[in-house]
Every structure is written in structure tokens, then in C-alpha cells.
Amino acid sequence: MMRRIIPVENGSLTISLELDGVRVQAIPGESLAGMMFARGVGIFRWTSGGKPRAPYCAMGTCFECRVEVRRVGQEPVVARACMTPVEDGMVVNTVAPREKL
Amino acid sequence: MENSVDIAIIGAGPGGLAASETCARFGASVTVIDEQSAPGGQIYRQAPENLRQRAEGFGIAYVDGVAKANAVASISAIEWRLGHAVWNVLTPQRTQSEAFLISTVTDDGLSEIEAKRVIVATGCYDMPVPFPGWTLPGVMGAGAIQALMKGQRVVPGKKIVLAGSHPLLLIIAEQMLAFGERPAAVVFSQPMWRAGRLLSRPGVAVSFAEPLAQAARAYAKLLRAGVPVIFSGAVLRADGNDRVESVTLAHLNPATGLPQPDNTREISCDAVGIGFGFTASSELVRLAGAATRWSRTGGGWIAVHDGEMRSTVANLYVAGEVAGIGGAKTAAAEGALAALSALRDAGYGVDAAELRRARSNCRRNRAFAALLQELADPGDELLRALRDEGTVICRCEEITKGQVEELLGQNPFLGTSNALKLLGRTGMGACQGRYCSRSVLELISSATGRGVEDIGQFTARPPVKPVPIHHFGGGVRD
Ligand SMILES: Cc1cc2nc3c(=O)[nH]c(=O)nc-3n(C[C@H](O)[C@H](O)[C@H](O)COP(=O)(O)OP(=O)(O)OC[C@H]3O[C@@H](n4cnc5c(N)ncnc54)[C@H](O)[C@@H]3O)c2cc1C
Ligand code: FES
């Protein structure tokens, strides 16, 4: 299971955002991928061929961690979870399997 | 031109940081651009403030490196553009001016930087090695696992198998142990005697005493912690339902170095880190029209330079992994030399003795890099043996080795990477061919017998980093 390797105090979880319809608290400066891994999210997107994918490079080159991100007052964009810091009010959706779209 | 800086540096890893420090010392106006929100590059990747605890778990070199990176970042004469991904570089020839035009994208929008000279120090990424199951969630680059620990203080699993041929695997495993995470196994494809034979060459053990001692310490720690460290082994496949649940490990024939299909065993795991080496991030160099050359063990397509870090495009310099995989010290040495060359070309009075010292520092480090490359080389035959017909080659477009071979069989005159991309879509996807280019090259080469330089690479096209379409005023799509 993916998880944190250091203890995190609740007091540092000051960012509030939405992940797949659930309200979650996050640490300022952490990436969406870090937040998702800390919460045990294993699948970030599904390919058009119906296969699950998750971060491969964790440094912005492979694009396997793409999720849909909507910032407050903005249009949704597809962004790399490993390169996108959490923000207050963000709405994040993992990209669902095709059959569920 | 009025607004253009003397020197723009792309990449704030050891290479870019050494370059920026040198430029600032000479009083040049310099802007440093990096996609990450903090300086340090891959090796000194930093966590956000509330996640910085226990940094010493990554070793004293990491703590020092981070401190050094932050010290450079506090030099007020340097302008920092952190969180800026460069998606295009236009040469003065293209802009019909005297300056390069660098286009960046942030979470908030686009911006541009004009610079008379540019140093590209964009580093590298884990070398992609396709094998059955490598697209399953939980299978990642070994460096990626380290990046998650350093940058986010998370691990992708509880039972992690590290496998490949690069000595960095030992260091990553040691760092995991420091955080109480015990790798399920560390697997090297080389026989154990390979390192010994290399080190017994005259002079080698003495000149490389420090990294050797570091690797030996890590190895001893792993053994003490009961971590199986396996030599002459390779992960043949990863299996699982929506996530890796096990890997099949093959024992490699000591004579051929190839997997023995009848000598395998399964290891249960929930994540895998593959580390056979690194691939240079040379997209921007190529985009600017500078020459690259193929280096099988040194990072794939790496930037050509004149020995003083000048690329083949005037006023464009390179440093670090992008000029050939060499590690952090090489990158820093080359960053300093690239800066001295740029400064000298710009008319700053660079002392000949300093230039000489910088050059010899680079040479010394490159000698170590060459040794490391030789030590880490898994050999193409092994990598080829790891993929079968059904193995996905192009992760983005989900194209298998079998499909590529079929296309090549049907089109005997298909002889370049670009032609295959047009016909078969490999390299068309979001990663822009970063993860299939090496396999595509090898598949074309075995089908046609053509040489690597003739097959070439996918042409780099902007944007090399994603730019949301709404920044251009349009709609949104992936
Ligand atoms: C994941 C990973 C982990 C590694 N860990 C180690 C380690 O523990 N020990 C070790 O000795 N070596 C490690 N290496 C090798 C390492 O790359 C070098 O030792 C060292 O970091 C190289 O320095 P550099 O300056 O050449 O490149 P880097 O340190 O990679 O710096 C390049 C910088 O350029 C930035 N960049 C790249 N493209 C763009 C762009 N288009 N726009 C804006 N910014 C861009 C990147 O964000 C990065 O910060 C690792 C490599 C990787 C890929
Ligand atoms: S994990 Fe590769 S781009 Fe995010």
C-alpha cells in the first residue's frame, strides 16, 4: 500500500479540496500525486483501451498521472498530478474507465 | 532586446545551479528557469515545508546539496522562475533578433523570457525498459520511487522490488531503510563479479574510493537488514489485477547474461522500481536545432558539444545529464564550465587558469561517469529479451512490439523513427515519444539493419511540456 513515510500532524493539513467527489485535506505545497498516494489512490486514469494507469516517472515526463483539475473560477484542464500542487477549492477527478463515462 | 537577460539557464539541478552561481559571480544578468517549485533538480529534490522532516534519511550529501541549492537560490542578483516549464525555445535566427525567445507555462498562464545566451541543463529521466506488465499501476522507474520519497514523503508500496542494473538501486534501497521501509528485494542483472573485475583495473579503486565506499556501505546495510540482494537476476514480468501483485524473477545465464525461462520464481510485491539507467532530456536542445548523438550507455540522444559545453547552435550551451549521463558532480563541473564559456563569449574577462581548472574538473568527472556507465550497462541483448510480442512499447497509444514489427514487416522501406510515428502512431502520444523512442529505434534497427544515426529520432516539437489550450484562448482537451 502506498503511504507516508513520516508522521503528518493534522495541523499541517490546511488545504481543502475535492477528490473524486470527496472533500479532502492536504498539505500546502504537496503535489496532487503525493496527496493521492498518501490517501492510497492506486489508479489515476484509464486508457482508451480500458487499462488502469498510475504514476510511472513522478517527475513530469511520462504523463501517466494525468487527472482532471478544476481550479476555482477556471475551466477544467487535464494536468499531471505529479507536477501540480494542491490548491484550496480545487476539484480533482481521476479519469474514469471508459465504460463509466 | 532591451529586456533580454545576458544568460538564461534552463534547469536548477546541480548543473544549472553551478552555472547560475558562476554567472552571478561575474555580474551577468541571469534568469534561472525550472519546472519544479524548488531548486535542486532530481538528486536534491525538495519536499514542501511541512514535509521536510527526516531529510537526513537521504544521507549527508543530500542535506548538504539541498542547503547549497537554497544558498544559490538566495543570491539576489539571480532572477528565479520556479514553477515555470519551458515548452519552446526559439533561436535568434528564428526570432530574427539578437535574442533567444524562451516560452514558459505556469499553473497561471504563459510567459516569455528573452536571453542573449541560453544554458540547457534539463537533466534526465529513468530509462524506459518495456517488459510484460510494465504499464501496471505500481510499476515505476526506480528514480521515481526516490523522487516520491524526497519530494512528497510517500512510498508507492509496502513490498517494493527494486530491479535493474544501476548502482543507484543500492542507494535508493538504503534510503528506504532509513525511513523504516524494507525493500522486498533488490535485483541486479549483473553477476556479482562484474563490479569486482572493473574495480580491479589499475587506479580505478583509488580514484573512486568515495562512491565505492558509499555503495559498499549501502550493500552491507541491506544485508544486515535481511534484504535479499540478488545478482544475475531480472524481472521477467509483472502481474496483477489493476495493480502489480507479483513479479516473476528469472535467473540469468552466467555465460550469456540472458534469462533462463526454466529458472524462475515469483515474488509477491505491491510496487516495482526499475533502474537500468537514465535517458537524457534533450528535447529542448533538439528543438533549438542543436545536434545530438546516440550514446547507447550514456543516455540515448545526448547533446553534442565542443568540449567547453558549446552546442552546435551559436550561444546555446549544455551541461549535465543532457550532455551524457554523468551524475551530480559531473553536472556541477559542466555547469560551471558552460557558464565560463558563455561569459567568455559575451566578453567577460574569464581567467585562463580558471577555465583550465574547470575543463580538467570536467574531464576527471567524465572519467568516473564512463566507468559508472560501463558498470551499469545491462546490455541491449538483455533488454531485448525482456519484451515479448504482446509487450506494450508505446504506453500512450498502447501499441505493442508485435504491432510495430508487423508494420515494419509490411513496409520494408520504413526506415526512420519519424516514418514509423506517422504510420504507426508510436511517439504521437502525450509523452511525445520519450518512453518509446529507444524501443522504436531498436525495433527498426533489427528489422532493417539500418544504423542508429540513419533511423534517427522523433523530431522534437513544441510544446515539449503541456500547455492547457485555454491559455491560448481555446477550449480544453487532453
Ligand atoms: C528520478 C531521478 C532520481 C535521481 N536520483 C539520484 C541520486 O539519488 N543520486 C545521484 O547521484 N543521481 C541521481 N539521479 C541522477 C541525477 O539526475 C543527477 O545526479 C543530477 O541530478 C543531474 O543533475 P543535472 O543538473 O544534470 O539535472 P537534474 O538534476 O535532473 O536537473 C534538471 C532540472 O531541469 C528541470 N527541467 C527539465 N526540463 C525542463 C523544462 N522543459 N522546463 C523547465 N524545467 C525543466 C527539471 O525540473 C530539473 O529540476 C537521479 C535521476 C532521476 C531522473
Ligand atoms: S508520473 Fe510521469 S508525468 Fe506524472
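Higher on the page you've got the structure.
Presented here is a report on the structure given in the accompanying data block. (Residues numbered from 1 in each chain as written. Chains lettered and ligands numbered in written order. Predicted model: local features only at pLDDT ≥ 70, side-chain atom pairs only at ≥ 80, totals over all residues. Heavy atoms only, no water.)

## A look at the pattern of salt bridges
Residue and element names in this part refer to chain B. Tallied over the entire structure, the rule returns 33 salt bridges over all chains. The partner of arginine 81 in a salt bridge is glutamate 79, with the nearest N and O atoms 3.3 Å apart. Judged by its relative accessible area of 21%, arginine 81 is partly exposed. Relative accessible area serves as the criterion here: at 37%, glutamate 79 is assigned to the partly exposed category. (Salt bridge = Lys/Arg side-chain N within 4 Å of Asp/Glu carboxyl O. Buried < 20%, exposed > 50% of the residue type's maximum accessible area, 1.4 Å probe, protein only.)

## Here we look at the nonpolar core
Counting residues in each nonpolar core, the largest one holds 61 residues, and the members touching the most others are Leu17, Leu32, Met35, Met36 and Phe44 of chain A. Taken domain by domain, this core gets at least three of its residues from each of domain 1 (5-125 + 278-374) and domain 2 (128-275) of chain B. In contact with methionine 36 of chain A, not counting residues within four places along its chain, are Leu19, Val41, Phe44, Val67, Ala81 and Thr94 of chain A. (Core = buried A, V, L, I, M, F, W, Y, C linked by side-chain atoms within 4.5 Å. Domains from an automatic or database assignment. Contact = heavy atoms within 4.5 Å.)

## Remarks on the interface of chain B and chain A
Contact residues are listed per partner, giving 47 residues for chain B and 47 residues for chain A. Of the roughly 4300 Å² buried at the junction of chain B and chain A (both faces included), carbon and sulfur atoms supply 57%. Of all residues in chain B, Asp107, Arg395 and Glu398 of chain B give up the largest surface area on contact with chain A, accounting jointly for 13% of the area buried on that side. In this structure, the connection of chain B to chain A is made through four salt bridges. Between aspartate 107 of chain B and arginine 71 of chain A there is a salt bridge whose closest N-O contact spans 3.6 Å. Run the count over chain B and chain A and you get 13 residue pairs in polar contact (both at pLDDT 80 or more). Those elements that provide at least two residues to the side of chain B that touches chain A are β7 (124-126), β8 (139-141), α4 (142-152) and β9 (154-155) of chain B. Per element, the largest residue contribution to the side of chain B that touches chain A is five residues, and it comes from α4 of chain B. Split into classes, the residues belonging to the side of chain B that touches chain A amount to 23 nonpolar, eight polar and 16 charged. Of the pairings in the sheet, the one linking strand β1 (residues 3-4) of chain A to β9 of chain B comprises two bridges and is antiparallel in character. (Buried area = accessible area lost by both parts, 1.4 Å probe. Polar contact = N/O pair within 3.5 Å; in protein donor to acceptor, adjacent residues only side chain to side chain. Helix = DSSP H or I, 4+ residues; strand = E, 2+ residues; numbered from the N terminus. Nonpolar A, V, L, I, M, F, W, Y, C, P; charged D, E, K, R; others polar. Pairing = 2+ DSSP bridges.)

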